[in-house]
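The chain contents come next:
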Amino acid sequence: MAEIDDSAPASSSVSEGRVAEMEFDKEKMRRTKPGLKRYALTFSVLLSFLLGLPFLFRSVEIYRSPVPFREIEELSAAVVSSPLHFPCKFRAVFFGFEGLNSAAEEVSILIQSQMRRSTETDALPGGACSFGFTVSVTLYSGSECYHSGSMPDWKCESLSELIRNEELGNYDDESFDDQLQLIFDNGDSQRNLQNVYTVIAVRRENEEKIKSVIGKYRHGWTIGNFSVNGAVKKVAETFVKVFVNGWKEESLIGAEFMPVGADGKIVFSFSLLNANPNDWTYDWDFQDIDDNILMPVTKGLNSLADIKIESQVLYHTPKSSFSRWDNKLGSYVYTKEDLPFFVNSNEWHLDTSVEAGGRSKILHFVVYVPSAMECPLQFRLPNGEISSANGFISPMWGGVVVWNPPNCLPARSRSRQKISPEDTRKLSEVFLAQIRKLFGLNSPLHFGDPSDSLKMLTVERGFAQWELDVLSRQHTYFNIRQAVTTLGSLSRLVQSLPRMIIKDEIGEQVKYSLEAAKLALSNASIGLHDSAAVHSRYARSFAEDAFYHPSMMSVSYFSFEHCFAVYSPFFLPVSLHVLLAAFKELKRLKQEKNKYKAWKAKEL
């Protein structure tokens with residue numbers, strides 16, 4: 001039986017395997033599907049880094065409360081484009097002018113044109129009455145009254161009887177002013193009219209000169225033998241000079257230097273300084289000054305500022321300047337050149353206020369009691385005369401009054417003496433005059449002209465109602481302008497520093513400031529002076545609080561580039577290696593898949 005030879009087929013399969021092995025390229029093919037373990041491990045590390053990025057950004061995130069930038073820009077543009085002017089109402093009453101029975105409208109037009117001519121020569125500052133003057137005229141002729149516009153609620157008969165009694169001498173200026181207030185106030189209160197300024201012109205042929213008086217309220221009167229044109233000119237001049245401009249001189253303190261703190265608070269600090277207690281030691285009844293003088297003043301200025309009062313008595317407080325003996329006057333004198341060196345800041349420890357805080361303003365009022373070696377001490381004015389007040393003021397700081405003890409004789413005993421009530425009253429009057437000067441108003445001693453034809457009645461509380469209106473208008477204008485300036489600076493600062501921390505408290509203060517400023521402008525547009533002043537004070541206070549908030553001065557206002565420079569040394573090297581490894585693994589996986597696909601195609 002023949003044997004079967006299997007060597008031929010075996011050699012054939014071996015040769016086929018060798019051929020297949022020769023055709024398989026390890027560099028370009030692979031028989032198994034590439035695994036994902038290395039890929040998953042590499043990308044799990046990358047994913048952990050990516051998941052940590054939100055936590056990193058959260059750790060360096062800066063919280064910024066929304067700030068109404070657009071509203072701030074709109075308010076700033078509105079204030080800058082049109083200076084704030086208040087609508088004011090004026091009323092003129094003419095008595096004794098015959099032939100004006102039906103010319104009330106014409107007289108009103110004449111007064112308005114005269115007022116406009118007066119204001120054209122001197123542009124109205126911000127905070128004054130607007131140019132659209134509204135003047136109502138009442139003409140009393142015989143027993144009839146003729147009015148321009150609507151009928152007033154006050155009675156002409158009452159006013160006519162009052163003027164006749166004044167002519168007969170039944171009323172002096174003070175009582176006549178009070179009676180006028182009763183007549184006009186009752187009529188105006190019924191119609192809810194605010195801030196109506198009235199001037200009464202009375203023609204009397206037997207008057208040799210013109211007499212003009214400005215009352216304590218919102219009215220005045222002028223009496224004399226003048227023509228209609230003269231009366232119109234006098235009435236318009238009083239409206240503009242007194243009720244619009246506040247009877248101010250160019251050299252007086254402006255609204256920009258009104259001594260009110262940024263937080264709307266003022267501290268009146270009164271100090272009695274005994275230069276040398278070895279000569280004498282004086283005390284004072286400050287409670288009497290506070291009750292009779294200062295309390296009415298603080299109530300009158302309540303709409304402008306929150307006023308606190310404090311007092312102290314200091315010893316061993318000599319002045320810095322030297323005084324000189326004047327044989328002609330028989331006293332030691334100090335002059336205007338000595339004033340900058342009068343206050344001794346090294347010995348006068350005045351800044352010890354417990355009421356002042358934050359940005360409150362302190363006004364110092366000092367009573368200086370000289371030593372026996374320089375008593376009596378008088379202030380000689382530049383014209384060579386002796387000052388009746390024997391004191392001076394320093395804007396934005398306060399005032400000083402020199403009080404000389406009686407007879408300038410040293411006390412025999414070391415017991416404490418008290419300033420007499422009469423001298424205390426005189427000191428109170430000087431304090432009141434200094435407060436008025438510091439607020440930009442004339443001193444009561446300087447009202448009127450040399451001929452005594454123009455005078456203003458003094459007020460116990462220190463300020464007439466029309467003066468408070470002037471201060472309220474100017475203070476409202478200044479506060480709103482300061483608030484808008486501060487908010488604009490805050491807006492630009494916040495927008496220039498994207499990583500500045502803006503807390504919710506700052507955002508609320510900005511919001512409150514804007515609301516208060518808008519309320520102030522709204523009240524000013526309808527002539528509510530006191531309310532406008534109060535809201536403008538709040539607007540400025542909130543704006544200052546927001547701008548000077550402690551968090552606004554933080555040291556973390558670095559840019560994003562600074563943040564990247566700080567964190568990159570920690571994370572950038574590792575992150576680069578992880579990214580490169582992930583990229584290489586992705587590239588390797590793609591290549592291995594292509595090798596597997598090439599082998600599968602070869603098999604097919």
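See the structure printed just above.
Calculation notes
- One numbering rule holds for all chains: residues counted from 1, following each sequence as written.
- Note on the predicted model: pLDDT of at least 70 is required for a residue's local features to be given, and 80 or more for side-chain atom pairs to be given and counted; whole-chain, interface and lining totals, by contrast, use all residues.
- Derived side-chain values reflect all non-hydrogen atoms in the structure, with water molecules and hydrogen atoms excluded from consideration.
- The numbering of helices and of strands both runs from the N terminus, where a helix is a DSSP run of H or I of at least 4 residues and a strand a run of E of at least 2.
- Expected helix span is given by 1.5 Å per residue-to-residue step, counting one fewer step than there are residues.
- Burial status follows relative accessibility: with a 1.4 Å probe on protein chains alone, a residue under 20% of its type maximum counts as buried, one over 50% as exposed, and anything between as partly exposed.
- Only strands joined by at least two bridges in the DSSP assignment are considered to pair.
- Structural elements are reduced to axes, namely lines fitted to C-alpha atoms, with helices fitted over the stretch in contact, and the angle between N-to-C directions of any two is expressed from 0 to 180 degrees.
- We call a set of buried residues a nonpolar core when its members are Ala, Val, Leu, Ile, Met, Phe, Trp, Tyr or Cys and they connect through side-chain atoms within 4.5 Å of each other.
- By the convention used here, residues are in contact when the closest approach between their heavy atoms is within 4.5 Å.
- Orientation categories follow fixed angle ranges, with anything under 35 degrees roughly parallel, anything over 145 roughly antiparallel, 65 to 115 roughly perpendicular, and all other angles oblique.
- If you view the pair so one helix is near and one far, a crossing is left-handed when the near helix is turned anticlockwise from the far one by less than a right angle, and right-handed when it is turned clockwise.
- Each residue gets one label: Ala, Val, Leu, Ile, Met, Phe, Trp, Tyr, Cys and Pro are nonpolar, Asp, Glu, Lys and Arg are charged, and the others, such as Gly, are polar.

*Asks:* Can you help me understand the environment of Val 228 in this one?
*Replies:* In this fold, Val 228 is placed in helix H7 (residues 228-244). C-alpha of Val 228 to C-alpha of Ala 201: the two residues are 27 residues apart in sequence and 9.7 Å apart in space.

*Asks:* Even after reading the chapter, I still don't get helix H10 (residues 465-496), so can you show me in this structure?
*Replies:* In an α-helix, one turn spans 3.6 residues, which is why side chains three or four residues apart end up on the same side. Spanning 32 residues, H10 covers 46 Å between terminal C-alpha atoms, matching the ideal 46 Å at 1.5 Å per step. Extensive coverage of H10 is indicated by the burial of 24 of its 32 residues.

*Asks:* Honestly, the sheet that holds strand E13 (residues 377-379) in this entry has me stumped. Any pointers?
*Replies:* Overall, mixed pairing links the three strands, which are arranged E10-E11-E13 in an open sheet. The outermost strands of the open sheet, each flanked by one partner alone, are strand E10 (324-326) and E13. Across the sheet, the mean angle from the axis of one strand to that of its neighbour is 45 degrees, orientation sign disregarded. Judged from the three bridges that link them, strand E11 (residues 331-334) and E13 form a sheet pairing that is parallel. Residue Val 333 lies in a different strand from E13, and its bridge partner there is Gln 378.

*Asks:* Help me understand the pairing of strand E1 (residues 89-95) in this model?
*Replies:* Every other side chain in a regular strand lies on the same face of the sheet, so the side chains alternate between the two faces. Burial runs high along E1: six of the seven residues are buried. Relative to strand E2 (residues 134-141), E1 runs parallel, the two sharing seven bridges. Paired with Ala 92 across the bridge in E2 is Val 137. As judged from the seven bridges shared by E1 and strand E4 (residues 196-203), these two strands associate in the parallel manner. Its bridge partner being in E4, Arg 91 is matched across the sheet by Thr 198.

*Asks:* Any chance you could explain the nonpolar core here in plain terms?
*Replies:* Core analysis: the largest hydrophobic core is formed by 39 residues, its most contacted members being Phe 268, Trp 284 and Leu 301. For this core, the secondary-structure elements that each account for two or more residues are strand E7 (265-274), helix H8 (286-300), strand E12 (361-369), helix H9 (421-438) and H10. The leading source of residues in this core is H9, at six residues. Leave out the neighbours within four places in its chain, and Phe 268 touches Ile 307, Lys 308, Ile 309, Glu 310, Leu 363, Phe 365, Ile 435 and Phe 439. Ranked by size, the runner-up nonpolar core spans 35 residues in total, among them Phe 90, Ala 128, Val 137 and Ala 201.

*Asks:* How do you make sense of the sheet that holds strand E15 (residues 398-402) when you look at a structure like this?
*Replies:* Read from one edge of the open sheet, five strands run E9-E7-E12-E15-E14, paired in mixed fashion. Every interior strand has two partners, whereas the edge strands, strand E9 (306-315) and strand E14 (391-394), have only one. The average undirected angle you get between the axes of adjacent strands in this sheet is 15 degrees. Looking at chain direction, E14 and E15 are connected through four bridges and run antiparallel. Within the sheet, the bridge partner assigned to Ser 394 lies in E15 and is Gly 398. Contacts from H8 reach E7 and E9, with the element oriented near 155 degrees to E9.

*Asks:* What am I meant to see in the packing of helix H3 (residues 69-81) against helix H11 (residues 504-525) here?
*Replies:* A pair of packed helices is captured by two measures, namely the crossing angle of their axes and the spacing between those axes. Relative to each other, H3 and H11 sit at 30 degrees, their axes nearing to 11 Å. Overall, the two elements H3 and H11 adopt an arrangement that is roughly parallel. In this structure, H3 crosses over H11, and the sense of that crossing is left-handed. The residues of H11 that touch H3, namely those facing Glu 71, Ile 72 and Leu 75, are Val 510, Leu 514, Ala 517, Lys 518 and Leu 521. Looking at the contact of H3 with H11 residue by residue, the class counts come to six nonpolar, no polar and two charged.

These results come straight from atomic positions and should not be treated as a statement about function.
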